[in-house]
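What the coordinates show
Listed here are the chains, written in short residue letters.
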Amino acid sequence: MRSDGERALGGLLEASHLAAMEDLPALVAEHAAMMSFSGTLIYVADLQQQSLVLLPGQRDAAGSPPERLGIDTTLPGRAFRTVSKVYATPGTGGGPRRLWVPLLDGTERIGVLGLDVPDEDPALTEWRVAQLAALVAVLVVSKRPHSDSHARLVRSRPMTLSAEVMWSLLPPGTFASEGVVVSAAMEPAYEVGGDAYDYAIDGDVLHVSLFDAMGHDTAAGLTASVAMAASRHNRRQGMALPEVSEAVDAAIKKQFRGRYATGLLASLHLRTGLLHWVNRGHHPPLVIRGGRRVATLETLPMPDPPMGFGLGMARGLLRYQLEPGDRLLLYTDGIVEARSPDGEVFGLERFTDFVVRHEADGVSAPETLRRLIQTILRHQGDRLQDDATVMTVEWYGERHRLMTLS
């Protein structure tokens, strides 16, 4: 005979097959009640990961739609930031405890789930909450691609056409498999023009790419979109990195007269840590190891030309051997060239120091990038003059994979 938890989770999964995003809160509340949970609330993170917003159709204890919750200033926000469960202090009248848990799809932070839990058998209760949160996260992710209500919900202002195109093409901001974690962040979220990032796993190889197209308008967004599509198309046909970058070069030149994009195209062998990359006019990647920057992967005497001019390549494929625990940083000029209202440049040293300090403090890569982007926004008075994109690749190696499996 199945337990109450099994019936609740199985019933929720079955009921979700024909449910839309708007149906999820009621379904989750109904099936959570079968495990003696009450007061369920499902929050998702907004596009800039500054606040948590409630899925439609929910009300707080007073019967009103709860307001947005600050990720940096609230208990639910702490659960999101730290990726851990957070209990609220119970009131003087006693009663069930309020618990907030993060909603995760793999390592991507979706939002948080709040619910009142009974006091009996804490271990079983927390296990059931964890299973429920995992299922809710999967359901939200499965419904959001075709939910305009979700798209509107996570936006705090209108989005430009180029940003609309770009966000529809980008992969999630966080991904992890055994031995590697990829994180990315991009601003300005609502007006992004020519920046784009991409990654994919192919067996034991991780592919990553970063593009920065000329300009900050719709044409820049289309240029970056063509670059990303051409990169994916030719990579999936088995082309090597130099040939992929040449195909991107040709695609941009064919579609846009006078337009170009800088870019980095890289592949990391996940078992050995051997990194190959091609630099087409872009800032060199950085390697962080043991709390300090140990390498700037420069292309001497200079990178190959940007893509779109049809000038060909001279240096081509480059290589570097990572060590377990290394963190690779890729970024666009909007990160290091961000200027404050009085002209102070954010700079490369401040950028790397920020990442190193947060790594030393045990902050996760996704949370480090979230804080970095917020810091750069504040540095520029909350108004970026250029697109700012950053990616990190943390490689832990085969030893970490074997330790995880043991």
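Here, the structure is the one placed above.
Everything numeric here is computed off the predicted structure, so don't read it as measured data.

Moving on, we get to the packing of helix H1 (residues 4–16) against helix H4 (residues 122–143). Two numbers describe a pair of packed helices, the interaxial angle and the distance between the axes. Relative orientation of the contacting elements H1 and H4 amounts to 5°, with a least axis distance of 11 Å. In terms of their interaxial angle, H1 and H4 are classed as roughly parallel. The residues of H4 that touch H1, namely those facing Asp4, Gly5, Leu9, Leu12, Leu13 and Ser16, are Arg128, Gln131, Leu132, Leu135, Leu139 and Lys143. Partitioning the contact of H1 with H4 into residue classes produces 6 nonpolar, 3 polar and 3 charged.

Nonpolar side chains in soluble globular proteins tend to end up buried together. In this structure, Met166, Leu206, Leu268, Trp277, Leu297, Met391 and Val393 are the most contacted members of the largest nonpolar core, which totals 50 residues. Discounting chain neighbours no more than four positions away, the residues touching leucine 268 are Asp204, Val205, Leu206, Gly273, Leu274, Leu275, Leu322, Val393 and Trp395. Counting 33 residues, the second largest nonpolar core, distinct from the first, contains Leu12, Ala19, Leu115 and Leu139.

Of note, aspartate 4 is situated in helix H1. Ignoring any residue separated from it by four or fewer positions in sequence, one finds aspartate 4 in contact with Met34, Met35 and Arg128.

Attention shifts here to the sheet that holds strand E14 (residues 292–296). The strands making up a sheet associate through hydrogen bonds between their backbones, and the pairing can be parallel or antiparallel. Ordered in space as E7-E8-E17-E16-E13-E14, the 6 strands form an open sheet in which the pairing is antiparallel. This sheet does not close on itself; its edge strands, each paired only once, are strand E7 (174–177) and E14. With direction set aside, neighbouring strand axes in the sheet form an average angle of 20°. Pairing between strand E16 (residues 326–331) and strand E17 (residues 388–395): 6 bridges, direction antiparallel. Looking at E17, one finds that aspartate 326 is bridged to tryptophan 395. On top of the sheet, helix H10 (residues 348–360) reaches strand E13 (286–289), E14, E16 and E17; it is set at about 145° to E16, its chief contact.

If you check helix H11 (residues 365–379), its first and last C-alpha atoms are 21 Å apart, about what 15 residues at 1.5 Å a residue would give, namely 21 Å. With 12 of its 15 residues buried, H11 lies for the most part within the structure. Residue glycine 381 follows H11 closely and has a positive phi angle near 70°.

Burial analysis of E16 places 6 of its 6 residues in the buried class, the great majority of the element. With 3 bridges connecting them, E13 and E16 associate as antiparallel partners. In the strand pairing of E16, leucine 286 is matched with leucine 329.

As a further point, take the packing of aromatic side chains. In this structure the tally under the stated criterion is 4 aromatic pairs. For the ring pair tyrosine 260 and phenylalanine 309, a centre distance of 5.1 Å and an interplane angle of 35° mean the geometry is tilted. Here tyrosine 260, found in the loop between helix H8 (241–255) and strand E11 (261–269), pairs with phenylalanine 309, found in the loop between E14 and strand E15 (318–321); they are 49 residues apart in sequence, far enough to count as distant. Tyrosine 260 gets classed as partly exposed once you look at its relative accessible area, which sits at 28%. Taking relative accessible area as the criterion, phenylalanine 309 reaches 36% and is therefore assigned partly exposed. Its guanidinium or amino end placed over the ring of tryptophan 100, arginine 98 lies 4.9 Å from that ring's centre, counting from NZ or CZ.

Cut-offs used in this document
- Residues numbered from 1 in each chain as written.
- Predicted model: local features only at pLDDT ≥ 70, side-chain atom pairs only at ≥ 80, totals over all residues.
- Heavy atoms only, no water.
- Axes fitted to C-alpha atoms, helices over the stretch in contact; angles between N-to-C directions.
- Helix = DSSP H or I, 4+ residues; strand = E, 2+ residues; numbered from the N terminus.
- Parallel < 35°, antiparallel > 145°, perpendicular 65-115°, else oblique.
- Contact = heavy atoms within 4.5 Å.
- Nonpolar A, V, L, I, M, F, W, Y, C, P; charged D, E, K, R; others polar.
- Core = buried A, V, L, I, M, F, W, Y, C linked by side-chain atoms within 4.5 Å.
- Buried < 20%, exposed > 50% of the residue type's maximum accessible area, 1.4 Å probe, protein only.
- Pairing = 2+ DSSP bridges.
- Expected span 1.5 Å × (residues − 1).
- Phe/Tyr/Trp six-rings, centres within 6.5 Å; stacked < 30°, edge-to-face > 60°.
- Lys NZ or Arg CZ within 6 Å of the ring centre and 35° of its normal.

By themselves, these observations are geometric and do not establish any function.
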